[in-house]
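# Analysis of the macromolecular model
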Amino acid sequence: MRTRFLSLLLLAFVLSACGFQLRASSSLPWETLAISGVPENNELYFQIKRNLEASSQTKVVTDAKQASATLVVLQNLQHKAILSLSGKGLVREFQLTRTFMYRILDAEGKEVLPAAQIVLQRDMSFDDERIFAKEAEEATIWREMQQDMVQQLLRRLAASSRALKS
């Protein structure tokens, strides 16, 4: 019993010594944020809004006039290109590319953060005999890329807001 207690105590000490801590909410300098360039009924809009409100004190509003700042989506593109062909000329791999470009404007329309770009690429194998499975895999990859892109966007906004404060 005593060794179990000591081992738990040692484990707690090791975890605290390594700097482990739960991810805290990011602090953004804006109380309210509007999102423009993406329709409000779009999945990307909902994902950005949900992640922003869950990870910070910032509230997403629909009217840019009521917002402290506006996230302007300049570009949101998906591109699928052939990466390699088989000896018979059939597609073996695709490269999926997601390009997202944005900037932040303050309430007066002045640029707070200049245009920045997030580019994600994933390679996907392809098999003509499993078309439906590969289509489902592709849809899953696109969703995961979008989630990754939103997470990168939030990290960049948090990092740039720290730079703006100092």
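To be clear, the structure that these remarks concern was listed above.
First, a word on what this report is: a plain description of the structure on this page. These numbers were taken from a predicted model, which means no experiment stands behind them.

### Some details on the overall build of the protein chain
- A count of helices and strands for the protein chain gives three helices and five strands.
- Reading the secondary structure of the protein chain in the N-to-C direction produces α-β-α-β-β-β-β-α.
- Long-range pairs, those at least 24 residues apart, make up 65% of the contacts in the protein chain with a sequence separation of at least 6.
- Carbon together with sulfur atoms contributes 54% to the accessible area of the protein chain, which is approximately 10,900 Å² in total.

### Brief notes about the pattern of salt bridges
- One pass over the structure, following the stated rule, counts seven salt bridges.
- The salt bridge involving Lys 134 is made with Glu 137; its shortest N-O contact spans 2.8 Å. Within this pair, Lys 134 and its partner Glu 137 are both found in helix 3 (residues 131-165), separated by three residues, close to a single helical turn.
- On the accessibility criterion, Lys 134 (13% relative accessible area) is buried.
- The partly exposed category is assigned to Glu 137, whose relative accessible area is 29%.

### Some thoughts on the sheet that holds strand 4 (residues 91-106)
- Strand order in this open sheet of five strands is 2-1-3-4-5, and the pairing throughout is mixed. The strands lining the two open edges of the sheet, one partner per strand, are strand 2 (59-61) and strand 5 (111-125). Strand-to-strand, the axes of this sheet are offset by a mean angle of 30 degrees, without reference to chain direction.
- Taken strand by strand, helix 2 (residues 43-55) contacts strand 1 (32-36), strand 2, strand 3 (69-85) and strand 4, and its axis lies near 145 degrees from that of strand 2.

### Remarks on the packing of aromatic side chains
- If you walk through the whole model with that rule in mind, you get three aromatic pairs.
- Judged by centre distance (5.3 Å) and plane angle (80 degrees), the ring pair of Phe 94 and Phe 126 falls under edge-to-face. With Phe 94 in strand 4 and Phe 126 in the loop between strand 5 and helix 3, this pair connects stretches of sequence that are 32 residues apart.
- On the accessibility criterion, Phe 94 (11% relative accessible area) is buried.
- Here the guanidinium or amino end of Lys 80 rests over the ring plane of Phe 94, the centre of that ring lying 4.3 Å away.

### Section: helix 2
- Taking 1.5 Å per residue, 13 residues should reach 18 Å; helix 2 reaches 18 Å between its end C-alpha atoms and fits that length.
- Those residues of helix 2 that fall on the buried side of the exposure criterion are Leu 44, Tyr 45, Gln 47, Ile 48, Asn 51 and Leu 52. What you see down the axis of helix 2 is that its buried residues fit within an arc of 165 degrees, all on one side.
- Its side-chain oxygen 2.7 Å from the backbone nitrogen of Leu 44, Asn 42 forms the N-cap of helix 2.

### Remarks on the environment of Asp 123
- Structurally, the position occupied by Asp 123 is in strand 5.
- In this structure Asp 123 touches Leu 83, Phe 94 and Gln 95, once residues within four positions along its chain are discounted.

Reading the values: rules and limits
- Residues numbered from 1 in each chain as written.
- Predicted model: local features only at pLDDT ≥ 70, side-chain atom pairs only at ≥ 80, totals over all residues.
- Heavy atoms only, no water.
- Helix = DSSP H or I, 4+ residues; strand = E, 2+ residues; numbered from the N terminus.
- Contact = heavy atoms within 4.5 Å.
- Areas by Shrake-Rupley, 256 points an atom, 1.4 Å probe, with all protein chains shown as cover.
- Salt bridge = Lys/Arg side-chain N within 4 Å of Asp/Glu carboxyl O.
- Buried < 20%, exposed > 50% of the residue type's maximum accessible area, 1.4 Å probe, protein only.
- Pairing = 2+ DSSP bridges.
- Axes fitted to C-alpha atoms, helices over the stretch in contact; angles between N-to-C directions.
- Phe/Tyr/Trp six-rings, centres within 6.5 Å; stacked < 30°, edge-to-face > 60°.
- Lys NZ or Arg CZ within 6 Å of the ring centre and 35° of its normal.
- Expected span 1.5 Å × (residues − 1).
- Arc of directions from axis to C-beta.
- Polar contact = N/O pair within 3.5 Å; in protein donor to acceptor, adjacent residues only side chain to side chain.

These values are about where atoms sit, not about what they do.
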